[in-house]
Amino acid sequence: MTVLVDIAGSGAGFSLEISNRAPGGWAELLSRDPAAEFTHTQYWSDAICGNLPHAGAVWLSLRRSGDLVGGLNAVQSNSFRKVIGLRYGLKRLDSSFEGTSGGPVIAGDIAPAEQDLVFEKLVDALADLRPGVLGSCAMVLSAAREGRFGRLMEDRPGWVRQDAQTAVVSLSGGIDQVEKDKLVMNKRNERNRGLRRGAEVFATDDAALFGEYYGIYDRAALHWGIDPVPESLLQALLRDGDGRVFFTCVRLDGKVIGGHLNLHHRDKVLAWNGVTDPLYARTHFPATLCFWGDMVEACRRGAAWLDLGGSGSIGSLAGFKKYFGAELQVRGLYVLDSPTTGLLRKGRDKWRARREPFSPDRWHDSGPGSGNREQS
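Residues numbered from 1 in each chain as written. Predicted model: local features only at pLDDT ≥ 70, side-chain atom pairs only at ≥ 80, totals over all residues. Heavy atoms only, no water.

Helix and strand counts for the protein stand at twelve helices and 14 strands. When burial is assessed residue by residue, the protein has 52% of its 376 residues classed as buried. Long-range pairs, those at least 24 residues apart, make up 73% of the contacts in the protein between residues at least 6 apart in sequence. Only carbon and sulfur atoms are counted for the fraction: they give 50% of the accessible area of the protein, which is about 17,100 Å². (Helix = DSSP H or I, 4+ residues; strand = E, 2+ residues; numbered from the N terminus. Buried < 20%, exposed > 50% of the residue type's maximum accessible area, 1.4 Å probe, protein only. Contact = heavy atoms within 4.5 Å. Areas by Shrake-Rupley, 256 points an atom, 1.4 Å probe, with all protein chains shown as cover.)

This is the structure:
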């Protein structure tokens, strides 16, 4: 459907379109937005909605006199929560997925005041689409987007903000400079020891190797108590015809012992999905090799930044990333709950607070190799 939006004080007419398909001109819009990420691409949305059960795409596009000046891609899905042991279904509308950034895409060549209007109208349109009684709407703004538009979220009714940090490494100067300036001595030693002991690390798009890796990731997800991202989705991303997705693989004697799935868009590589086998954590340091492999391939591709993602509540993982020269950047996680969902969320939080405190850990903290700083 198409809805006309009246923007007071604007001399040009704006129209909003809501669809389950990417609008015409989306790729051109991405090229006009310097802050756009891989997670704003049509390929990303198609992969998620084509491989995530009961998921559907939602596309918002804002045009001015026919020119696409802003848009937003989101995924509508169902999930389940528990409160006092009772399970309930939650309808979600997310402009982000599994810790990635999302939110509006805005043409960078229009006036700043018009960019603000486009941002506000897209966010308000997303809020209007929040599912009913048991519904929730969420988006994550990248650090760049948060710095530019976060202030506009302060007056948006109902939205609750949380910090969503991510760890980013500058690749300025290329891999030799990165190794010299970013990699601390003990990580160089771990890398060298792992390689001397027969481990190898390389970038690939081999589906069979990734399938071996997925078995490790699946076991880790069981330990963490989370639902793993479907393998079909990750494999679909790896098949990206433009070569923007690569798998950093760590292998020992022909056996995959860890890896990272990386998303490359323009000057940034995001190390998104990754884990290593704790059996080899203290002998071959596969996590160190993974991060090193990410750096090498990202530099080879000419990227300026390697985004190592967030660490959740696991402080040791955040500390581990600092050994690779990572600096924390603050993103904004914004959630808009229906009144009923908000009450259920508060009840769930109180229930959890009364239980024995839970301290999340790395897979390696409790398995073979515990006590070592090596991690996924």
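Here the narrative resumes.
Considering all chains together, one arrives at 14 aromatic pairs under this definition. When the ring of W44 is compared with that of F97, the centres are 6.2 Å apart and the planes differ by 70°; the resulting orientation is edge-to-face. With W44 in helix α2 (residues 42-51) and F97 in the loop between β5 (86-95) and β6 (105-106), this pair connects stretches of sequence that are 53 residues apart. Just as W44 is buried, F97 falls in that class too. Relative to Y217, the ring of Y213 has its centre 6.4 Å away and its plane inclined at 10°; by these criteria the two rings are stacked. Here Y217 and Y213 lie together in helix α7 (residues 207-224), a separation of four residues that amounts to about one turn. Per residue, the accessibility class of Y213 equals that of Y217, and both read buried. Among the aromatic residues, those joined into a ring-pair cluster are F210, Y213, Y214, Y217 and F247. Sitting over the face of the ring of Y323, K187 holds its NZ or CZ atom 5.2 Å from the ring centroid. (Phe/Tyr/Trp six-rings, centres within 6.5 Å; stacked < 30°, edge-to-face > 60°. Lys NZ or Arg CZ within 6 Å of the ring centre and 35° of its normal.)

This brings us to the environment of V296. Looking at the secondary structure, you find V296 in helix α9 (residues 286-300). V296 sits 95 residues away from V201 along the chain, and the two C-alpha atoms are 9.9 Å apart.

Another aspect to go through is the nonpolar core. Counting residues in hydrophobic clusters, the biggest one holds 68 residues, and the most contacted among them are L60, F119, L126, W159, L237 and W272. If we skip the residues at most four places from it in the chain, F119 touches P104, I106, M139, L141, F149, L152 and M153. L171, V269, A303 and F320 belong to the second-largest nonpolar core, a separate cluster that totals 20 residues. (Core = buried A, V, L, I, M, F, W, Y, C linked by side-chain atoms within 4.5 Å.)

Quick look at the packing of α7 against helix α8 (residues 231-238) now. Interaxial distance between α7 and α8 falls to 11 Å at its minimum, and their mutual angle equals 145°. Judged by the twist between their axes, the crossing of α7 over α8 is right-handed. For the pair α7 and α8, contact is made by A207, F210, G211, Y214 and Y217 and by E231, L234, Q235 and L238, respectively. Of the residues contributing to the contact of α7 with α8, the split by class is six nonpolar, two polar and one charged. (Axes fitted to C-alpha atoms, helices over the stretch in contact; angles between N-to-C directions. Left-handed = near helix turned anticlockwise from the far one by under 90°. Nonpolar A, V, L, I, M, F, W, Y, C, P; charged D, E, K, R; others polar.)

A word on the environment of A199. With respect to the helices and strands, A199 occurs in strand β9 (residues 199-204). Each C-alpha atom, one on A199 and one on G254, is 9.2 Å from the other, the two residues being 55 residues apart in sequence. With near-sequence residues (within four places) excluded, A199 lies in contact with G194, R251, L252, H284 and L289.

Moving on to the confidence of the model for the protein. Confidence in the prediction of the protein, expressed as mean pLDDT, is 88, and 82% of residues score 70 or more. Confidence drops under pLDDT 50 across residues 367-376; counting only partners more than four residues distant or on other chains, this segment forms 42 contacts. (pLDDT = per-residue confidence, 0-100.)

Attention shifts here to α9. Helix length check: α9, at 15 residues, gives a terminal C-alpha distance of 21 Å against a target of 21 Å (1.5 Å per residue), a fit within 8%. Note on α9: the residue one or two positions beyond its end, G302, has a positive phi of about 85°. (Expected span 1.5 Å × (residues − 1).)

The next thing to look at is unusual backbone geometry. If you check the backbone angles, H54 has positive phi at about 60° while not being a glycine. Along the chain, H54 turns up in the loop between α2 and β3 (56-64). Here the phi dihedral of D253 falls at roughly 50°; this positive angle occurs in a residue that is not glycine. Within the secondary structure, D253 sits in the loop between β10 (245-252) and β11 (255-265). The exposed category is assigned to D253, whose relative accessible area is 76%.

This part takes up the pattern of salt bridges. Tallying each qualifying case throughout the model produces 21 salt bridges. Where E37 meets K268, a salt bridge forms, and the shortest distance between an N and an O atom there is 3.0 Å. A residue pair is termed long-range when its members are at least 10 positions apart, and E37 in the loop between α1 (26-32) and α2 and K268 in strand β12 (residues 268-276) qualify at 231 residues. A salt bridge links R244 to D242, with the nearest nitrogen and oxygen atoms 3.8 Å apart. Here the salt bridges share partners, and the residues they tie into one network are R32, D67 and D109. (Salt bridge = Lys/Arg side-chain N within 4 Å of Asp/Glu carboxyl O.)

Of note, T41 is situated in the loop between α1 and α2. At 3.3 Å, the side chain of T41 forms a polar contact with the backbone nitrogen of W44. With residues up to four places along the chain from it excluded, the contact list for T41 reads W26, L30, W59, N73, R244 and H265. (Polar contact = N/O pair within 3.5 Å; in protein donor to acceptor, adjacent residues only side chain to side chain.)

For D307, the location among the structural elements is in strand β13 (residues 305-309). Polar side-chain contacts of D307 include one of 2.5 Å to the side chain of T166. Of the polar contacts made by the side chain of D307, one reaches the backbone nitrogen of G309; its length is 2.8 Å. Apart from residues no more than four positions distant in its own chain, D307 is found in contact with T166, A167, V168, K268, V269, L270 and A271.

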